[in-house]
Amino acid sequence: MVLRLGHRVQRDRRVTTHVGLVARAFGATGIAIADTKDESVVESLRRVCETWGRRDFVVVDGVDPLEYVRKWRESGGLVVHLTMYGLHIDDLIDEIRASGKDILVVVGAAKVPRVYYELADYNVAVGHQPHSEVAALAIFLDRLYGGKELRLIYPDAKIYVEPCPRGKRVVVRERQP
Ligand code: SAM
């Protein structure tokens, strides 16, 4: 599950949608958008799930982020905050995977309040240069799942891509579960 902090309506709409798209495509169970309600982001993500599958992908907005993190920890889950100030991903990823716990991945937009650095079980840096929450999440999930997620086709997909060397080949399914 991914917790998106600091979403600003209008300004972050596209980036937050992309955080959700990466979460879905790369195998996370859902996205929770902190504090703000943004029906347009929620709708875009639901539409993609409807067509490309993973209708059980959780999309919630307006959640209280501190309560969300506390509840996640209380129920035995692990909290991973992605930040360039953390420890290097390659030094932590095996330990995180081996925990076998449900992982909440926290990503920011603008400045992330200090409390999240303290509440997180791991502050993970995807390199120590400032870049993007979309890139950081993609690389984190890719390392976590060892690249297997890139071959995902969801069983309830209405359409999916058949790889081909040139052009586009899309398979339309007659029936989905
Ligand atoms: N200046 C902000 C701060 O100090 O918290 C960071 C803003 S950055 C555009 C938005 C988010 O991208 C961060 O909160 C973090 O989750 C993620 N991010 C950016 N660079 C990262 C890196 N090198 N490693 C891990 N996460 C990163």
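Residues numbered from 1 in each chain as written. Predicted model: local features only at pLDDT ≥ 70, side-chain atom pairs only at ≥ 80, totals over all residues. Heavy atoms only, no water.

A. Up close: the pattern of salt bridges. Inspection of the entire model under this criterion finds 13 salt bridges. Between Arg-13 and Asp-38 there is a salt bridge; the shortest N-O distance is 3.1 Å. Here Arg-13, found in helix α1 (residues 13-25), pairs with Asp-38, found in the loop between β2 (30-34) and α2 (39-52); they are 25 residues apart in sequence, far enough to count as distant. On the accessibility criterion, Arg-13 (25% relative accessible area) is partly exposed. Its relative accessible area of 2% is what places Asp-38 among the buried residues. (Salt bridge = Lys/Arg side-chain N within 4 Å of Asp/Glu carboxyl O. Helix = DSSP H or I, 4+ residues; strand = E, 2+ residues; numbered from the N terminus. Buried < 20%, exposed > 50% of the residue type's maximum accessible area, 1.4 Å probe, protein only.)

B. Looking closely at the nonpolar core. By size, the foremost hydrophobic cluster in this structure holds 34 residues, and its most contacted members are Val-2, Val-80, Leu-82, Ile-96, Val-124, Leu-137 and Phe-140. Looking at this core, the elements with two or more residues in it are α1, β2, α2, β4 (78-88), α4 (89-98), β5 (103-107), β6 (122-125) and α6 (133-145). When residues in this core are grouped by element, the largest group, seven residues, is from α6. In contact with Phe-140, other than residues within four places in its own chain, are Val-80, Leu-82, Ile-89, Ile-93, Ile-96, Val-105 and Val-124. With 15 residues, the next largest nonpolar core counts Ala-34, Val-79, Val-106 and Val-112 among its residues. (Core = buried A, V, L, I, M, F, W, Y, C linked by side-chain atoms within 4.5 Å. Contact = heavy atoms within 4.5 Å.)

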